[in-house]
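# Results of the structural survey
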Amino acid sequence: MINPFSPKHPADPEYFVNREEIIQAFTKCLKRTAKIKPRKPDNIAILGDWGIGKTSVLMEFEYIAIELSEELNAFAAFIELTPSTSTDFTQFAVRTRDEVERSFRVSDMSLLAKLKKELIPNWRLKTIDLGVVTIERRYSEKSMITSFEDSLRELWNILEKNGIEVAILMLDDLHYLAQKFPDGLYDIRGIFQRLPRDDCNFMLAITGYPLLFEKAREFAEPFTRFFDRYMLDLFDRKETETAILKPIQKSNLKISLDDDVIGRIYELTRGHPYFIYFIMQDLVDSKQEGKINLEFFQEHYHKIARHLAREKFSDDLASVSEAEKRILMEMAELPETFSPSDVKIKNIRRYLKDLVENKAVVVKVERGRYSLYHPLFKEYLLQAGHRI
Ligand SMILES: Nc1ncnc2c1ncn2[C@@H]1O[C@H](COP(=O)(O)OP(=O)(O)OP(=O)(O)O)[C@@H](O)[C@H]1O
Ligand SMILES: [Mg+2]
């Protein structure tokens with residue numbers, strides 16, 4: 001039996017649910033961008049915290065772009081950023097070039113073969129001529145920004161000659177650049193503003209933690225205005241139900257869930273997609289056929305909670321110091337949202353910023369109000385209090 005719930009991976013487009021407003025907006029922008037001349041591509045930013053579904057949305061964008069082949073010819077490249085490829089513009093440019101080469105899609109199969117075998121490898125060589133190489137191997141006097149921009153012009157020329165009308169570059173986890181090299185955001189905007197003026201039709205779809213735009217506002221304000229921005233929320237009760245039922249139906253699993261079980265999953269997860277998928281993965285593993293009622297769920301939940309502690313919460317604590325652990329334990333005893341002064345620990349404000357921005361275990365809910373990042377984490381801290 002194949003378990004369709006895998007919380008570690010983004011949703012397969014087959015199981016993708018909800019986010020209708022974002023999907024509609026993207027589809028509209030894509031159609032407009034593909035046809036309009038002079039070129040004026042729309043750029044979209046998807047913001048949201050850890051595990052909320054950013055990568056899943058990007059993959060759905062890619063799927064839509066390819067599916068719309070009756071109406072437009074798109075080239076979609078998926079660029080996954082990492083902390084180490086976001087430390088300066090050279091790293092960013094090299095990574096983007098490599099990822100474009102490795103991970104792109106078009107709908108026409110014969111064009112795909114031609115791009116894979118010949119056109120894109122040739123383009124890669126050309127990017128090296130243009131100077132897109134790692135720092136150690138730089139030989140050109142040209143700035144990396146110019147080299148990178150020229151390489152994208154070159155790419156567009158190849159694509160346009162082969163009937164492509166729009167090239168979507170999907171940059172996943174761009175907050176790393178905001179954290180490590182915020183000036184790069186400014187450069188990105190400059191590049192993708194100049195390219196359409198030369199008729200190169202690149203459209204950006206980016207994702208990041210909300211801090212991406214907070215940093216951008218500090219360091220590169222116009223960057224934020226360059227995008228239509230969407231914030232991913234938790235699923236509501238109905239959306240949670242859809243997220244649970246669609247994969248079951250699509251993969252023909254012979255199980256069903258009582259409505260109060262879905263209600264309980266919603267209460268526990270608050271509609272957080274990662275946690276929904278985590279619980280469902282374990283449930284499906286333990287019951288491969290038949291009806292899951294509340295009794296069965298409650299019996300199994302302890303095991304699921306322990307699994308979650310091992311897989312997720314102990315990772316969260318891995319980078320947290322002993323002093324910070326004590327703070328988190330204090331926070332777990334407080335009501336769900338609290339102000340720093342409620343935490344009876346000296347110099348609490350000194351620790352807070354790091355817990356929010358780098359450790360991502362505390363979230364700021366509004367000015368002066370904080371909470372642990374998820375109620376399940378709070379529950380874990382309370383349960384595991386004497387052990388950690
Ligand atoms: N719209 C959706 N439809 C179905 N499943 C979803 C959806 N959004 C998220 N999920 C599920 O939630 C989990 C987390 O999603 P995803 O990896 O896309 O989040 P993310 O925001 O990119 O996370 P990270 O911050 O770790 O990069 C995955 O298991 C995915 O299957
Ligand atoms: Mg992701």
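Residues numbered from 1 in each chain as written. Chains lettered and ligands numbered in written order. Predicted model: local features only at pLDDT ≥ 70, side-chain atom pairs only at ≥ 80, totals over all residues. Heavy atoms only, no water.

### A look at the site of ligand 1
Neighbouring residues of ligand 1: 21 residues in total, closest Val17, Gly53, Lys54, Thr55 and Ser56. Ser6 places a main-chain nitrogen or oxygen 3.2 Å from an oxygen atom of ligand 1. Between ligand 1 and Gly51 there is a distance of 3.1 Å, counted from an oxygen atom to a backbone nitrogen or oxygen. Against a free-state accessible area of 620 Å², the protein chains account for coverage of 91% of ligand 1. The set of elements that each furnish at least two residues to the shell around ligand 1 consists of helix 2 (54-67) and helix 12 (273-286). Of the residues belonging to the shell around ligand 1, the class tally is 13 nonpolar, 6 polar and 2 charged. (Near = heavy atom within 4 Å. Polar contact = N/O pair within 3.5 Å; in protein donor to acceptor, adjacent residues only side chain to side chain. Areas by Shrake-Rupley, 256 points an atom, 1.4 Å probe, with all protein chains shown as cover. Helix = DSSP H or I, 4+ residues; strand = E, 2+ residues; numbered from the N terminus. Nonpolar A, V, L, I, M, F, W, Y, C, P; charged D, E, K, R; others polar.)

### Notes on the nonpolar core
Core analysis: the biggest nonpolar cluster contains 54 residues, and Met280, Leu328, Met331 and Phe377 have the highest contact counts within it. At 9 residues, the largest contribution of residues to this core is made by helix 12. Those residues in contact with Phe377, other than ones at most four positions away along the chain, are Phe313, Asp316, Leu317, Leu328, Val361 and Leu372. (Core = buried A, V, L, I, M, F, W, Y, C linked by side-chain atoms within 4.5 Å. Buried < 20%, exposed > 50% of the residue type's maximum accessible area, 1.4 Å probe, protein only. Contact = heavy atoms within 4.5 Å.)

### Comments concerning helix 10 (residues 237-250)
Under the 1.5 Å per step criterion, the end-to-end length of helix 10 is 20 Å for 14 residues, consistent within 8% with the ideal 20 Å. Every buried residue of helix 10 is listed here: Thr240, Glu241, Ala243, Ile244, Pro247 and Ile248. Two or three places before Lys238, at the opening of helix 10, Asp236 has a side-chain oxygen 3.1 Å from that residue's backbone nitrogen. Once helix 10 finishes, Asn252 follows within two positions and takes phi at roughly 55 degrees, a positive value. (Expected span 1.5 Å × (residues − 1).)

### Focus on helix 3 (residues 89-102)
Here helix 3 contains 14 residues, and its C-alpha end-to-end distance of 20 Å stays within 8% of the 20 Å for a straight helix at 1.5 Å per residue. The distance from a side-chain oxygen at the start of helix 3 to the backbone nitrogen of Thr90 is 3.1 Å, and the residue carrying that oxygen is Asp88.

### Describing the domain arrangement of the protein chain
As far as domains go, the protein chain holds domain 1 (19-231) and domain 2 (319-388). Spacing between the C-alpha centres of domain 1 and domain 2 amounts to 36 Å. (Domains from an automatic or database assignment.)

### Re the packing of helix 3 against helix 5 (residues 144-161)
Where helix 3 contacts helix 5, the two axes come as close as 9 Å, and the packing angle between them is 15 degrees. With respect to their mutual orientation, helix 3 and helix 5 come out roughly parallel. As helix 3 packs across helix 5, the resulting crossing turns out to be left-handed. Contacts between helix 3 and helix 5 involve Phe89, Thr90, Phe92, Ala93, Thr96 and Val100 from the former and Met144, Ile145, Phe148 and Leu155 from the latter. (Axes fitted to C-alpha atoms, helices over the stretch in contact; angles between N-to-C directions. Parallel < 35°, antiparallel > 145°, perpendicular 65-115°, else oblique. Left-handed = near helix turned anticlockwise from the far one by under 90°.)

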